[in-house]
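Understanding the architecture of this molecule
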Amino acid sequence: MPQDPMDFEWSYWIEWGRERILWLLAGHLLVSQVSRLLVEKYKPWCLMVYGMAACWLLLGIKGFAVILLHATISFAVAQFQLSLLTWLCSLILLSTLRIPAVEEAKRKWYDTENEYYLLLFTVSVRCLFCTSFSLEYCCHGPAQKSSHSFLWMLAYVFYYPTFHNGPLINFDEFSKQMRRQEAFSLKTNLSILIVGILRIFFWWCLAELMIHLMYIHALYSSAPPLEAASYWALGGLALAQVLFFYVKYLVLYGVPALLLQMDGLKPPALPCCVSLMHSFTKMWRLVKSLITLLICHFTYRYIYVPMGGSQSSLLGTLFSTALTFAFVSYWHGGQSYLWYWGAFNCLGVIVENGVKRILSISVIQDLI
C-alpha cells in the first residue's frame, strides 16, 4: 500500500537517513566507543574531527565553511560578554538564511533541492548551538573562560548526533558531561544499544503504519473531505495528526538521544505523549511537548527565564511569553502563518495563566 506523501518532514529525514545519515551516525558510534575504550581523555576532539569530516562529506566544503564562519563570528562577538550583543549577532546570522540573493547563491552549490534544504536545516540548528555557547560564555567569570575555548565551541557545534536536527543540549551540560571520565563497560553499552534500537524500531514501525494506513496529511491537504466531515471526525483527525507528530519525534529524536547515551551524556527527555497532557502551559514549560523539543528547550532557558518568566510581574510575564513565541515563530521561518501560530499559542498560555491566577484568589476559592 502506498504511503501518504504529504508529510514532508518524515519523508525527508527518512530518505536522508537511509542514504547517508544513519551510516554516518554508525560511524560516530564506532569512533565514540573506540575513543572511550582507548583514549578517553581525547574523546571530545576525536568526535569533533569526525563531526567536521561528516559535515564536509554531506554539505561540501562551502557548507562546512558557512557553519565554521557562523561559529567564528559568534565566538568573536561573545568576547564582549554582552548578552544583548550576542542576541543581536544571532538574529543577524539567522536572518541571512532568508535573504533571497544568499538563498539563490547557496542553491547553486548543490545539484538538488534536498541538499540545499539539508544545509538550511543544519545551519538553523547550528545557530541555536552557537547562541547557547555564546550566552553561557557571557555568564561565566574569567576563571571559567578556559573551559569555553574556541576548540570546545567547535567540539560542541560539530557534535554529529545533534548536528542536523537536534535535540539541543546546552553548552555547559555538554562540556561538563563530555569532560567527565567514568568507568567504561562495553557490555553495558551494548545492552543499552540493543534495547534502544528495538524501541526506536518499534516507534518507526508504528509511524510507518500510521503514514501508510491513515492518510492524515493527505486529508488535510484537500478541502472537500474536510468540508464533508462532522466536527467529531475533524476532532479525530486533529488528534491523529498530533499523535503522529509525537511518534515521529520519538524516532527523529530517539536516534540522537540513544547516541548521546552511548557517549556517556544525558540526553534531553523525549516528548511526552500528547494524550497525557492536560495543561497548555505545562506542555511548553516541561520542554516535553509535541511542538518542537529543540526550540522549546532553548527558548525556555535563554529567553523566558532570563526575562523574568512567571516569577516577574504580570506585565513581565506577558512580555516574556510574547518574546518567547516571537522567537519561535521567527526561527521557524517567520512566514505569516507562523506568526499567527505563535500568537494563538501565546494567547493560550496567557489565558490559562490568567484563569489560574483568578482561581487562586481566596474569595473565588471559597465560592468554588
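Residues numbered from 1 in each chain as written. Predicted model: local features only at pLDDT ≥ 70, side-chain atom pairs only at ≥ 80, totals over all residues. Heavy atoms only, no water.

**Description of the packing of aromatic side chains**
All told, the structure shown has 29 aromatic pairs when counted by the stated rule. Taking the centre distance of 5.3 Å and the plane angle of 75° together, the rings of Tyr156 and Phe171 count as edge-to-face. Taken together, the residues span a long stretch of sequence, with Tyr156 in helix α6 (residues 150-157) and Phe171 in helix α7 (residues 171-179) at a distance of 15 residues. In this structure, Tyr156 and Phe171 share a single accessibility class: buried. Ring-pair connections join several aromatic residues into one group, and the members of that group are Phe75, Phe129, Phe133, Tyr137, Phe150, Tyr156, Tyr159, Phe171 and Phe174. When the ring centre of Tyr330 is taken as origin, the NZ or CZ atom of Arg98, which lies over that ring, is 4.7 Å away. Taking NZ or CZ as reference, Lys248 lies 4.8 Å from the ring centre of Phe245, over its face. (Phe/Tyr/Trp six-rings, centres within 6.5 Å; stacked < 30°, edge-to-face > 60°. Helix = DSSP H or I, 4+ residues; strand = E, 2+ residues; numbered from the N terminus. Buried < 20%, exposed > 50% of the residue type's maximum accessible area, 1.4 Å probe, protein only. Lys NZ or Arg CZ within 6 Å of the ring centre and 35° of its normal.)

**Overview of the confidence of the model for the protein chain**
The predicted model of the protein chain has a mean per-residue pLDDT of 87, with 92% of residues at 70 or higher. When pLDDT is averaged over each element of the protein chain, helix α2 (residues 43-78) comes out on top at 96 and helix α12 (residues 280-285) at the bottom at 60. Predicted confidence for residues 286-292 stays below pLDDT 50, and this span has 22 contacts to residues more than four positions away or in other chains. (pLDDT = per-residue confidence, 0-100. Contact = heavy atoms within 4.5 Å.)

**Points about the pattern of salt bridges**
Enumeration according to the criterion identifies 4 salt bridges in this entry. Lys248 is the salt-bridge partner of Glu9, the closest N and O atoms lying 2.9 Å from each other. Pair noted here: Glu9 is in helix α1 (residues 8-38) and Lys248 is in helix α11 (residues 231-262), with a separation of 239 residues, a long-range link. The buried category is assigned to Lys248, whose relative accessible area is 2%. Between Arg107 and Glu113 there is a salt bridge whose closest N-O contact spans 2.9 Å. A residue is classified by how much of its surface remains accessible, and Arg107, at 25% relative accessible area, is partly exposed. Classification of Glu113 by relative accessible area gives partly exposed; the value is 37%. (Salt bridge = Lys/Arg side-chain N within 4 Å of Asp/Glu carboxyl O.)

**Quick notes on unusual backbone geometry**
Looking along the chain, the bond that leaves Gly166 and enters Pro167 is cis, with omega of 5°. As for its placement among the helices and strands, Pro167 is situated in the loop between α6 and α7. The phi torsion at Gln81 lies on the positive side, around 55°, for a residue other than glycine. If you trace the backbone, Gln81 turns up in the loop between α2 and α3 (83-95). For Gln81, a relative accessible area of 38% translates into the label partly exposed. Unlike most non-glycine residues, Tyr215 shows phi in positive territory, near 50°.

**A few points about the nonpolar core**
Core analysis: the biggest nonpolar cluster contains 81 residues, and Leu59 and Phe158 have the highest contact counts within it. Counting residues per element, this core draws most heavily on α2, which supplies 14 residues. Those residues in contact with Leu59 that sit more than four places away from it in its chain are Phe64, Ile67, Tyr110, Leu118, Leu119, Thr122 and Phe163. (Core = buried A, V, L, I, M, F, W, Y, C linked by side-chain atoms within 4.5 Å.)

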